[in-house]
Amino acid sequence: MLLTNLPHVDSDSALDDVLTNNENVMLCCGRMGPMCLPVYDLMEQCKDDYPNVAFVDMDFDGPAASAIRRLPAVRSFTSLPFTLYFHKGQLVEATSSIQTKDQVTDILDRVFGAES
Amino acid sequence: MKSEYDVIVLGGGPAGLTAGIYLGRARVDTLVLDTGTVGGQTVLSYSVANYPGVEETSGHALSATMLRQARSFGATVKPYASIESLRLDGDPKIVTLKDGTRLTSHALIVATGGVPRKLGIPNEEELTGKGISFCATCDGDFFTDRPIAVIGGGNSALEEAQALAKYASRITILHEFDHFQAHPWVVEEVKANPKLHFLMNQELQRFEGSEKLEHVVAKHKATGKETSVAVDGCFVFIGYIPNSRMVASMVQTNERDEIITDAALATSVPGVFAAGDVRVKRHRQITTAVADGTIAALSAIEHLTSRPTA
């Protein structure tokens with residue numbers, strides 16, 4: 001179970017809902033580990049600056065994560081967390097391992113910025 | 001956010017937060033700025049078991065407690081600050097953020113800690129997260145029954161290699177010297193583990209792999225013989241470098257870019273102090289960072305009270 005202040009995606013239907021009801025989604029799939037916690041914190045910090053993006057997390061060991069693990073884009077990933085960016089339901093970017101603020105905001109600006 | 005403070009602390013790790021706690025409790029108007037998440041390298045520790053007074057906790061939880069303490073005593077703590085420039089000579093000290101915000105203080109504490117040392121070899125960035133990892137606890141299970149490498153020869157490298165032996169089929173430890181720097185009893189333990197193999201006196205040349213890591217290539221420093229180790233993963237534990245780049249041209253540093261301080265943790269610039277892993281010191285622990293934060297805060301208070309008022 002993830003102990004964060006982000007909305008949790010904990011089922012396939014919840015994942016469908018969040019992707020259907022939000023044009024831009026940043027989803028962090030991880031555990032409560034040292035490489036994941038800074039990314040959750042960072043997402044909470046970004047919420048005010050990116051009101052056009054839904055920031056959500058997902059337990060890597062939960063049932064919903066199997067859909068994420070099957071994605072071809074993450075096939076080569078070997079470090080938590082897996083962070084995925086969806087635009088209109090389509091995966092447009094994915095990263096593996098801890099990320100800095102600059103790395104995350106660069107992606108947010110690049111993949112979501114044009115229409116924000 | 002207001003713009004004038006008595007003290008600005010750069011860095012929100014254990015040293016910076018401790019300075020915030022002591023300064024806040026002394027009713028010194030204090031701003032703690034961090035360019036990343038609060039907690040510094042401590043948040044990357046899965047478990048902290050030797051912090052006195054705390055039986056065992058995570059680095060994240062310990063940092064969160066320090067943050068709450070600093071804020072409860074009145075310190076302002078701002079994570080993810082984007083710093084554009086610093087001016088440390090004279091009074092006030094000036095910190096300018098990228099959004100144009102100009103912050104001033106009469107004393108400044110540099111507690112910017114360290115950043116993980118990189119190998120600086122081809123494909124290191126490209127294959128990070130695709131075989132190259134820095135956290136055995138986080139990522140070990142991705143390599144169950146697979147061959148991996150561990151880079152480094154200090155306590156962290158060998159202890160993490162031992163932990164990874166629960167998962168991996170075979171572990172090759174590559175080290176730049178012909179002997180380990182780890183404690184003798186740690187070396188003894190890894191040498192007794194049949195899954196662990198050693199390539200000593202090696203200079204790492206490159207990582208190879210297209211979509212994911214496939215080989216680690218190293219060259220023997222004496223013979224020049226190149227060895228390619230087939231692996232699915234590689235864990236890098238080669239220490240830290242001081243995060244002093246922002247101030248290195250303004251305060252005196254040594255040949256390793258560590259800030260030189262006196263016993264009061266004063267730097268070469270009046271009113272500027274340094275605390276934690278960014279300064280010259282032998283032992284880098286959470287406890288020594290906390291001690292530094294305390295001394296730097298008390299020294300900054302002395303500086304404030306002794307400076308001539310307008």
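Participant: How should the overall build of chain A be read in this particular structure?
Facilitator: The number of helices and strands found in chain A is four helices and four strands. The order of helices and strands in chain A, counted from the N terminus, is α-β-α-β-α-β-β-α. In summary, chain A has a C-alpha radius of gyration of 13 Å against a globular reference of 13 Å for 116 residues, a match within 12%. Taken along the three principal axes of its C-alpha coordinates, chain A extends 35 × 30 × 30 Å. Here chain A, with 116 residues, has 44% of them falling under the buried criterion.

Participant: It is not clear to me how the environment of R68(B) should be interpreted in this structure. Could you clarify?
Facilitator: Of note, R68(B) is situated in helix 2 (residues 59-72). As a C-alpha pair, R68(B) and I21(B) span 47 residues in sequence and 9.2 Å in three-dimensional space.

Participant: Would you explain the pairing of strand 1 (residues 7-10) of chain B in this entry?
Facilitator: Look at any regular strand and the pattern is simple: side chains alternate between the two faces of the sheet. Residues and elements named next belong to chain B. Of the two faces of strand 1, the one holding V7 and V9 and the one holding I8 and L10 are both buried throughout. As judged from the four bridges shared by strand 1 and strand 2 (residues 30-33), these two strands associate in the parallel manner. Paired with L10 across the bridge in strand 2 is L33. As a crossover connection, the stretch from strand 1 through helix 1 (residues 14-25) into strand 2 is right-handed. Two strands pair when backbone bridges link them, and strand 1 and strand 7 (residues 107-110) are joined in this way by four bridges, in the parallel orientation. Bridge pairing in strand 7 links L10 to V110.

Participant: Which parts of the structure should I look at to understand the sheet that holds strand 7 of chain B?
Facilitator: What holds strands together in a sheet is hydrogen bonding between their backbones, with the strands either parallel or antiparallel. All names here are of chain B. Here five strands make up an open sheet; going across it, the order is 3-2-1-7-18 and the pairing parallel. Unpaired on one side and paired on the other, strand 3 (76-78) and strand 18 (272-274) mark the two borders of the sheet. Averaged over neighbouring strand pairs, the angle between their axes works out to 15° when direction is ignored. Set on the sheet, helix 6 (residues 286-306) makes contact with strand 1, strand 7 and strand 18; between it and strand 7 the angle comes to about 165°.

Participant: Help me understand the nonpolar core, please; the structure alone is not making it clear to me.
Facilitator: One recurring pattern in soluble globular proteins is that nonpolar side chains are buried together. Residues and elements named next belong to chain B. Among the nonpolar cores identified, the biggest contains 118 residues, and I109 and C234 are the most heavily contacted of them. Shared between two domains, this core takes at least three residues from each, and those domains are domain 1 (7-116 + 240-306) and domain 2 (132-236). If we skip the residues at most four places from it in the chain, C234 touches G131, I132, I148, A149, I151, F207, L213 and V216.

Participant: I tried to follow unusual backbone geometry on my own but got confused; where do I start?
Facilitator: Apart from glycine, the bulk of residues carry a negative phi angle, and the bulk of peptide bonds sit in the trans form. Going from L80(A) to P81(A), the amide bond is cis rather than trans, its omega being -5°. Phi at D257(B) is positive, roughly 65°, even though this residue is not glycine. Mapped onto the elements of the fold, D257(B) is located in the loop between strand 17 (240-242) and strand 18.

Participant: What should I look at first to understand the domain arrangement of chain B in this one?
Facilitator: Interfaces are often described in size by the accessible area the parts lose on coming together. If you check the domain split of chain B, you get domain 1 (7-116 + 240-306) and domain 2 (132-236). Look at where the C-alpha atoms of domain 1 of chain B and domain 2 of chain B centre, and you get two points 33 Å apart.

Participant: What am I meant to see in the environment of S244(B) here?
Facilitator: Residues and elements named next belong to chain B. Structurally, S244 is set in the loop between strand 17 and strand 18. Taking the number of C-beta atoms within 10 Å as the measure of exposure, S244 has 25 and is therefore buried. Sequence spacing of S244 and S47 is 197 residues, and the spatial spacing of their C-alpha atoms is 27 Å. When near neighbours in sequence (up to four residues on either side) are disregarded, S244 contacts T112, T253, D257, E258, I259 and V278.

Basis of the calculations
- Residues numbered from 1 in each chain as written.
- Chains lettered and ligands numbered in written order.
- Predicted model: local features only at pLDDT ≥ 70, side-chain atom pairs only at ≥ 80, totals over all residues.
- Helix = DSSP H or I, 4+ residues; strand = E, 2+ residues; numbered from the N terminus.
- Rg over C-alpha atoms; globule rule 2.2 N^0.38 Å.
- Buried ≥ 20, exposed ≤ 12 C-beta atoms within 10 Å, placed from the backbone.
- Pairing = 2+ DSSP bridges.
- Right-handed = clockwise from strand over helix to strand, strands pointing away.
- Axes fitted to C-alpha atoms, helices over the stretch in contact; angles between N-to-C directions.
- Contact = placed C-beta atoms within 7 Å.
- Core = buried A, V, L, I, M, F, W, Y, C linked by C-beta atoms within 7 Å.
- Domains from an automatic or database assignment.

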